[in-house]
Every structure is written in C-alpha cells, then in structure tokens.
Amino acid sequence: MTALGDKGPRRAGVIGGDTPSGECADADGSLDDTVAAQQGPDTEAENPTPDGAVDRTPPASRDLPDGFQVQIDLRAARGGDLRHLVGGSPTRLMRMSDTALGMTSDDGRIEVCDTVTRRLARALLDAGVANPRPMFGPRADDVTVVIPVKDNQAGVDRLVDALDGLKVIVVDDGSDVPITGRRPDVTVIRFDSNRGPSAARNAGVEAAATDFVAFLDSDVVPEPDWLTVLLTHFSDPSVGAVAPRIVGLRAAGGSASVAERYENGWSSLDMGPEESAVLPSTRVPYVPSAAMVVRRSAFCGFDESLRVAEDVDLCWRMHAAGWRIRYDPVARVAHDHRTNLREVLSRRCFYGTGAAHLASRHGDRAAPLVMSLPMAAAVVALLTRTRLGAAIAMLIFTQMAVRLRRRLGNLPSAPLVSAQLTSRAAGYGLLQAADAICRHYWPVALLLALISRRFRRLAVQVAIVEGVVSWVRDLIADPTTPPALGPVRYLLMHRLDDLAYGAGLWQGVIAAKDPEALRPVISR
C-alpha cells in the first residue's frame, strides 16, 4: 500500500506535509546553517547517524567497491566551483581539499580505486551532494519477484508475461477465485483468508531463496531494463532497498477523465523525476512498496498489523537500522491508475488514515508541520498581511541570512548565496504553512473561515496561490513532460485531493483516539 503524504511526482514531501525540495531547506522549511564537521583530510562533511531501534544491521564494512563511481550534483557547485559545494538535505557546505579536487574530473565524477577515493565518495554520498553511478551489480538470477494479489488474475497474467526469465512467487491473499501462476515455473502461495499485502509480501520473502527480492503489485508492469538499473545500486553494501519511478500505464489522452489525467500527472506512487537518497523528512521520505527491490539481509519485514502506510514504516525502520535506500527514476514501472473520481478520492482518504499509525510508531517524523521557531514566527507574521507583520518577518529573515553568512565563511559570493538560501527557505516555509492549512488542518480552517471574514479571504487566497505555485513548480521540475492538466483543473483536483486526505487524517486520529498525527513540531 502506498504511503501517505506524497501528492505527486513533482511534489514529493514528508508524510503529512509538502516539505519543499531538500536543495536549500531542511524539512521544516528553515535553513540548516550548521557548517559540517571535519570528517577527514579530503572533505568536510556531516555524516548522518541513524537513530532508533535496530532490526537488522548493515554489514560492518560499508566500503564502496573499486570501480564504483559517484557524480557530484553540479547544482551544488555554484558557478562550477567544485571546491565549495552547497547542497544536500539539510543544506550544508562542503569544502573540497586540493587532494580531493585532484581525484575529481572536471565534470564532477569520482571513481573509487583506493582507500582515499573510497572515503571521499562515501562522504559526498552521505552529504547528499553527489549521486551514485554504479557500474555493476547482482544478476537477475539473484532476484525473486514477489507478487501479492487479491482478485486480479488478469493483472497477474499481464505482469508474469513481462517477467520472463525471472523467478516469480505469487501470493494469493484470499482471492474469491484462486489465482493461478500462468507459467508452470511460477510458485503460487495461497492464503485461505485475506491477511493483507504486508503478510502476503512477508510470506513471499520467506519462500524465496535468493539474496534479493523484488516486490511488484499485480497492477503494475515494469519497463525493459528496470531490474538491471536497480540492481547496480546494490554494489554499495550499505544499500538495503532501491525503488523505480512509478508512472501511468495508459497515456491519458483527450478522452480520459479529469481524474485519470490527474492520477497520471500527480499519482501518490510517483516520487518524481529526480534521483535521490530516501530519508525521512526530505524530498523523498519513502518509496512505495508497489515496486521495490530489497536486500534480504536488510529486510526487516512489513508490519502485518498495517493495511496502509506499511511501506513508509518499512523505509523508516530500515533507515533507523542503518541501511541506505535509493530512488532511481531511470528505472520505470507502469501502474494501472484508478480512473474514477470517487475511487481516486476514496483512496486518498484511506491513505490519510495511516498518519495516525505512523505517528504512534515514529513520532515527529509523521508530523504534519515541521518548522523552526523563527521560521514559524516569520510565516505567521507574513500571513497577517499587515505592514507590521511584514516588518517583523523581514527582521527575522535578515537575522537568518546574517547567521548563515557567517557560517559560509570564505565561500565565494557568500552574501549572495546566503540571501538566495534564506529567500528559498522563506518561500518553502510559506508553502508548507499553506499546505497545512489546505490539507491537514482544513476542518479547523473551515471553522475559522465561517467565523471570521478576514480569515475567509486569507484561506481563499492561500488555496489559490498554493495551487498555482505548486503547478508551476511541478512544470519547472519536469519540463520535458507536458502537464497532465491545466492550472484551473489541476487546482480543482488538487484541492479535492487535499480535502480527501485531510478527512482521512482526522478520521484516523479520531479512531485511534490519539492526536499525535495532528501535532506540529516547532523546534528552537
């Protein structure tokens, strides 16, 4: 079951909130202006340390193999300056030494060949300013595909036909008519009663004998070379899971319904066009279990008590155990999206109910709103739409920019960079607040709008501006793909999406009798 808070391929955010891109802001929309600690003679980088309970620990040696390559994200190299890299999520500054620059090609590529390049490549990956370019990986023979299914024989047949040559286990989760495997070499496991997709996937893993397991839902069809692309990431021994981009199975032409076109453009399964590490409270905080490959030694099992958000829970537990997860949109899997408006909104509502489960297990990571206290104060001041509010916000942003300028040290164009990062953080903070008003707290916003004419005008303006900005941001993020809907129809569907998800969120909170999923996190 897909996770909760993501609202489209180009709007991926933390669960329960549209956290802006991790390029320039932390998950709270504020700047992380802490200069990274010294890690070694080759770079200065902050090395994230997993926290939480450990289910299955990664290998003691996480060394990258010889021949492994990493590519510096050139967006982090301001003006092509590879010595000073500003990027990652949270944002940090890395200073490359002369030795490190000597190991780096002019286009930012580094190949692992000894201990020093191994340390440098790992530091860049951990900082989020570089992406892996593995050159080899496990073979397809090392993978078993597990297909959980209930009452979808046609989908299984279509999927199995696309998996020629692969080991396949189909887990029939209590279908009314027993599922068959179509091919004699396909193993079928049948449950007498419906136990849920988590139990079905876990049963498939238990029956598999390979080192890697690919989960594919019965309503998807992988594109050619999907598995080859994903498997290369496992040449990094610390990678526990990799996921492809999930796109629409059918092209939504002019005859398609608005709901179908919205799903094709903004499906909750599509994590967007940019490759990324998968980390809580970043642009890609989880990957959906509809299509995912895991290392069996890293797999800690889906929580069988969850019927929704089990993939988010798995990703966060694997992260807490120390494993890395990658999202690679070069590999693509097509999903048979819902086309009926009622079905689409009903599904969004169902996803919303999962926030309460995540909050009870993972606390602040499932918060609908995460901001620093200064950013929250500035956002509230701006939303008053008064001169005094604007003045207060400007004072706060100025103070943030000054602090950041000091942290940037001798970075070329440091004043300009600090101003750019501060302005982006301000914009992201406003977007996060607007998203919370329209999505997570809309029942409260509706009540206030009925009481206050001033707030009513603010809510309408926020709903329109946030939707338009969202549509434009998505267009800029993926300019090669024409938008599935124009701005007006998108705005309508976007707001209906928010209403449905928010209704599910409050339904889950009431059912659980636990308001944790509604509690914002305001840090100092």
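Residues numbered from 1 in each chain as written. Predicted model: local features only at pLDDT ≥ 70, side-chain atom pairs only at ≥ 80, totals over all residues. Heavy atoms only, no water.

## Structural notes on the packing of helix α12 (residues 442–451) against helix α14 (residues 487–512)
Two elements in contact, α12 and α14, have axes separated by 9 Å at closest approach and are oriented at 105°. Taken together, the axis directions place α12 and α14 in an arrangement best described as roughly perpendicular. In this structure, α12 uses Trp442, Pro443 and Val444 to contact α14, whose residues at the interface are Asp498, Leu499, Gly502, Ala503 and Trp506. Here the residues of the contact of α12 with α14 are counted per class, giving six nonpolar, one polar and one charged. (Axes fitted to C-alpha atoms, helices over the stretch in contact; angles between N-to-C directions. Helix = DSSP H or I, 4+ residues; strand = E, 2+ residues; numbered from the N terminus. Parallel < 35°, antiparallel > 145°, perpendicular 65-115°, else oblique. Contact = heavy atoms within 4.5 Å. Nonpolar A, V, L, I, M, F, W, Y, C, P; charged D, E, K, R; others polar.)

## Details of the sheet that holds strand β4 (residues 109–111)
A sheet is described by the order of its strands in space; here three strands give the open sequence β4-β1-β5, paired in antiparallel fashion. Each having just a single partner strand, β4 and β5 (130–133) make up the two edges of the open sheet. Within this sheet the neighbouring strands show an average axis-to-axis angle of 25°, counted without direction. As judged from the three bridges shared by strand β1 (residues 69–72) and β4, these two strands associate in the antiparallel manner. Following the sheet pairing, valine 70 is matched in β4 by isoleucine 110. The strands that helix α2 (residues 115–127) touches are β1, β4 and β5; relative to β5, the one it contacts most, it runs at about 120°. (Pairing = 2+ DSSP bridges.)

## Some words on a positive patch on the surface
There is a patch of like positive charges on the surface, built from Arg385, Arg453, Arg454, Arg456 and Arg457. Here arginine 454 lies in helix α13 (residues 453–477). (Patch = residues over 30% accessible without salt bridge, like charges linked within 9 Å, V, L, I, M, F, W, Y side chains within 5 Å. Areas by Shrake-Rupley, 256 points an atom, 1.4 Å probe, with all protein chains shown as cover. Salt bridge = Lys/Arg side-chain N within 4 Å of Asp/Glu carboxyl O. Lys, Arg positive; Asp, Glu negative; His and termini not counted. Charge placed at Lys NZ, Arg CZ, Asp CG, Glu CD.)

## What about the packing of aromatic side chains?
One pass over the full model with this rule turns up eight aromatic pairs. With centroids separated by 4.7 Å and ring planes inclined at 50°, the aromatic side chains of phenylalanine 212 and phenylalanine 234 adopt a geometry described as tilted. Within this pair, whereas phenylalanine 212 is found in strand β9 (residues 212–216), its partner phenylalanine 234 is found in the loop between α5 (226–231) and β11 (239–248), the two being separated by 22 residues in sequence. Residue class for phenylalanine 212 comes out buried when judged on its relative accessible area of 7%. Judged by its relative accessible area of 5%, phenylalanine 234 falls in the buried class. Here phenylalanine 299 and phenylalanine 302 contribute two aromatic rings whose centre-to-centre distance is 5.6 Å and whose plane-to-plane angle is 65°, an arrangement assigned as edge-to-face. (Phe/Tyr/Trp six-rings, centres within 6.5 Å; stacked < 30°, edge-to-face > 60°. Buried < 20%, exposed > 50% of the residue type's maximum accessible area, 1.4 Å probe, protein only.)

## Quick word on unusual backbone geometry
Leave glycine aside and you will find that most residues have negative phi; peptide bonds, for their part, are mostly trans. For arginine 385, which is not a glycine, the phi torsion comes out positive at approximately 55°. With respect to the helices and strands, the residue arginine 385 is situated in the loop between α9 (373–383) and α10 (387–408). Positive phi outside glycine occurs at lysine 513, with the angle close to 55°. Following the sequence through the fold, lysine 513 ends up in the loop between α14 and β16 (521–523). For lysine 513, a relative accessible area of 77% puts it in the exposed group.

## Some words on the confidence of the model for the protein chain
In the predicted model, the protein chain carries a mean pLDDT of 88, and the fraction of residues at 70 or more is 88%. pLDDT under 50 marks residues 6–55. Its contacts with residues more than four places away, or in other chains, come to 187 contacts. (pLDDT = per-residue confidence, 0-100.)

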